[in-house]
Amino acid sequence: MLQSQLFYKTKKEAPKEAKIISHKLLLRAGFISQLATGVYNFLPLGWRVHKKIEDIIREEIEKIGGQEIFLPTLQPKEIWQKTNRWEKMAPPLFKLKDIHKKEFALGPTHEEVITQLAKLKIQSYKDLPFYLFQIQSKFRNEMRATGGLLRVREFIMKDLYSFHSSEKDFENYFEKIANSYEKIFKRCGLLTIKSEAAGGSFTEAGAKTYEFQVPAESGEDKILFCQKCKFAINLETAKIKNVCPKCKAKLKKINTIEVGHIFDLGTKYSEAFQLYFVDETGVKKPVIMGCYGIGLGRLMATVVEVYHDERGIIWPKAVAPFLVHLIQIPSPARSRAKVKKRTKFSSPEDTKKVKENSEKLYQSLQKAKIEVLYDDREDKTAGEKLVESDLIGIPLRIVVSERTLVKNCVEVKKRNEKKVKLVKIKQLPRFLNF
């Protein structure tokens, strides 16, 4: 991608309302822009990261049998009335009426829709289990939509639903999901804590649910965590104080960001929609269900909360918008009018050589299927380009300049390191396997 053609705009300062680091950096670096409170546009850089996260999630969920579907956002009132959530959902539903005065909600979740859909297939125990997931927009009528992508009113979520004939089968899959989630977050560069939590309006009282929490100073959640046996529980749920109920060690209170949540739905929705199956003995039983969610934008923001420095974002390779940031350093002759002291300016031949070598390297990187953002702009100084590169946070920076070409080299720097290396152009391929 040519940076001169990229749709983005960096800012020196974040808006005053941006308080946490991910909100500030994603706005400043041109990954997102705000349309309204809790509602964001994803610009090309941001959408590339979002898609990388989506691909990781899809790949891991399909490994454990998930089949992808796509369900409507617009949901009729009557299906929400069957579960008594039309009035009781928290936060409240976004409600609207069509031209015929029929009431709908903008879906914050899809338990009602998926349960009704499952009736198309399920009759016998032989039809179970199966697992359906989607990656789709959700709407939450948040009272306090702050913190950038960490708390929004519209977002994209991966929601997976599982259907089982027995509690044992559900528990086995529940464990598979937990392991899959840990793989997803690890691939995104995050180490999570699996924490006991409340199910809220999603589950029956006392149902087993777990949150996947990432320690972060900016996190709104607080958990009690045992460093000895790894037990954790959300402070809102905890009926204990400072002693681990499993090993009696002292619990530590830490701030966290929730990046995933898995729910035991039991038979709450299957009974409401009369979703039954006939077992091996001919007995009619309600289907046991589970629900498993990950908010993609929230996950993206959490990565930034963990990976940044005073200069900007430091994207892990797996979710970075590009792997390489190739920068052509312009000739100082461009700034002749601004320079008062005598300066040795480059010849047109030197300037042409930098451009030709940069474009040749850009083409070779593309041919090698390496995602590269090429800063081909000629109206920016070297300092402006390097500052912006640090802000955007692409993992590997390659600089081509007259100084490097004299030695038949390029300047290579990893975003997460301070050291800069001069690398022979012929030896560059081995540095791309970092």
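Residues numbered from 1 in each chain as written. Predicted model: local features only at pLDDT ≥ 70, side-chain atom pairs only at ≥ 80, totals over all residues. Heavy atoms only, no water.

A. A look at the pattern of salt bridges. In total, this model carries 32 salt bridges according to the counting rule given. A salt bridge links Lys63 to Glu60, with the shortest nitrogen-to-oxygen separation between them at 3.3 Å. With a gap of three residues between them, Lys63 and Glu60 both fall in helix H2 (residues 44-63), about one helical turn apart. Across the salt bridge formed by Lys352 and Glu356, the nearest N and O atoms sit 3.9 Å from each other. With Lys352 and Glu356 both in helix H8 (residues 348-367), this residue pair falls four residues apart, about one helical turn. A relative accessible area of 53% means that Lys352 is categorised as exposed. Each member of the salt-bridge network shares a partner with another, and the members are Lys51, Glu54, Asp55, Arg58 and Glu68. (Salt bridge = Lys/Arg side-chain N within 4 Å of Asp/Glu carboxyl O. Helix = DSSP H or I, 4+ residues; strand = E, 2+ residues; numbered from the N terminus. Buried < 20%, exposed > 50% of the residue type's maximum accessible area, 1.4 Å probe, protein only.)

B. Structural detail: the state of the cysteines. Going through the model one piece at a time under the given rule, you end up with zero disulfides. Free cysteine: Cys188, not disulfide-bonded; nearest cysteine sulfur from Cys291 at 19 Å. Assessed through its relative accessible area of 0%, Cys188 is described here as buried. (Disulfide = S-S within 2.5 Å.)

C. A look at the sheet that holds strand E19 (residues 324-328). The strand order across the open sheet formed by five strands is E20-E19-E21-E22-E23, and the pairing between neighbours is mixed. Two strands lie at the open edges of the sheet, namely strand E20 (372-375) and strand E23 (420-424), each paired on one side alone. The mean angle between the axes of side-by-side strands here comes to 25°, regardless of whether they run parallel or antiparallel. As paired elements, strand E21 (residues 396-400) and strand E22 (residues 409-414) share four bridges and run antiparallel to each other. Looking across to E22, one finds that Leu396 is bridged to Lys414. (Pairing = 2+ DSSP bridges. Axes fitted to C-alpha atoms, helices over the stretch in contact; angles between N-to-C directions.)

D. Representation of the side chain of Asp279 within the structure. For Asp279, the location among the structural elements is in the loop between strand E14 (276-278) and strand E15 (284-286). Looking at Asp279, the relative accessible area reads 8%, which means it is buried.

E. Expanded view of the nonpolar core. With 63 residues, the main nonpolar core has Leu26, Phe31, Tyr181 and Trp315 as its most contacted residues. Listed in part, the 25 residues of the second largest apolar core include Leu93, Ala105, Ala118 and Leu128. (Core = buried A, V, L, I, M, F, W, Y, C linked by side-chain atoms within 4.5 Å.)

F. Up close: the sheet that holds strand E4 (residues 74-76). Across the sheet, which stays open at both edges, the three strands sit in the order E4-E6-E5 with antiparallel pairing between neighbours. Two strands close off the open sheet at either side, each with one partner strand: E4 and strand E5 (94-97). In this sheet, adjacent strand axes meet at a mean angle of 40° when their direction is disregarded. Relative to strand E6 (residues 103-106), E4 is paired through three bridges, and the arrangement is antiparallel. Bridge assignment links Gln75 to a residue of E6, and that residue is Ala105.

G. Fine view of the environment of Phe225. Along the chain, Phe225 turns up in strand E11 (residues 221-225). In the structure, Phe225 is positioned 119 residues away from Leu106 in sequence and 36 Å away in space, judged by C-alpha atoms. Every residue in contact with Phe225, bar those within four places of it in the chain, is listed here: Ile193, Lys230, Phe231, Ala232, Lys250, Leu251, Lys252 and Ile254. (Contact = heavy atoms within 4.5 Å.)

H. Focus on the packing of H2 against helix H5 (residues 167-187). The interhelical angle for the contact between H2 and H5, taken along N-to-C directions, is 155°, at an axis separation of 10 Å. The angle between H2 and H5 places the two elements in the roughly antiparallel class. As H2 runs across H5, the sense of the crossing is right-handed. In contact with Ile56, Ile57, Glu59, Glu60 and Ile61 of H2, H5 contributes Ser180, Tyr181, Lys183, Ile184 and Arg187. Residues that form the contact of H2 with H5 fall into these classes: five nonpolar, one polar and four charged. (Parallel < 35°, antiparallel > 145°, perpendicular 65-115°, else oblique. Left-handed = near helix turned anticlockwise from the far one by under 90°. Nonpolar A, V, L, I, M, F, W, Y, C, P; charged D, E, K, R; others polar.)

I. Region of the structure containing the confidence of the model for the chain. Across the chain, pLDDT averages 93, with 94% of residues at or above 70. Low confidence marks residues 334-343, where pLDDT is under 50. Its contacts with residues over four positions away, or in another chain, come to five contacts. (pLDDT = per-residue confidence, 0-100.)

J. Layout of the packing of helix H1 (residues 21-28) against helix H7 (residues 296-306). Across the interface, H1 lies against H7 with an axial gap of 8 Å and an inter-helix angle of 100°. In terms of axis orientation, H1 runs roughly perpendicular to H7. Seen from H1, the contacting residues are Ile21, Ser22, Leu25 and Leu26; seen from H7, they are Met300, Ala301, Val304 and Glu305. When its residues are assigned to classes, the contact of H1 with H7 shows six nonpolar, one polar and one charged.

K. Spotlight on the pairing of E19. The buried count for E19 comes to five of five residues, which makes it a mostly enclosed element. Because side chains alternate across E19, one face comprises the buried residues Val324, Leu326 and Gln328, and the other comprises His325 and Ile327, equally buried. Judged from the four bridges that link them, E19 and E20 form a sheet pairing that is parallel. Within E20, the residue paired with Val324 across the bridge is Val372.

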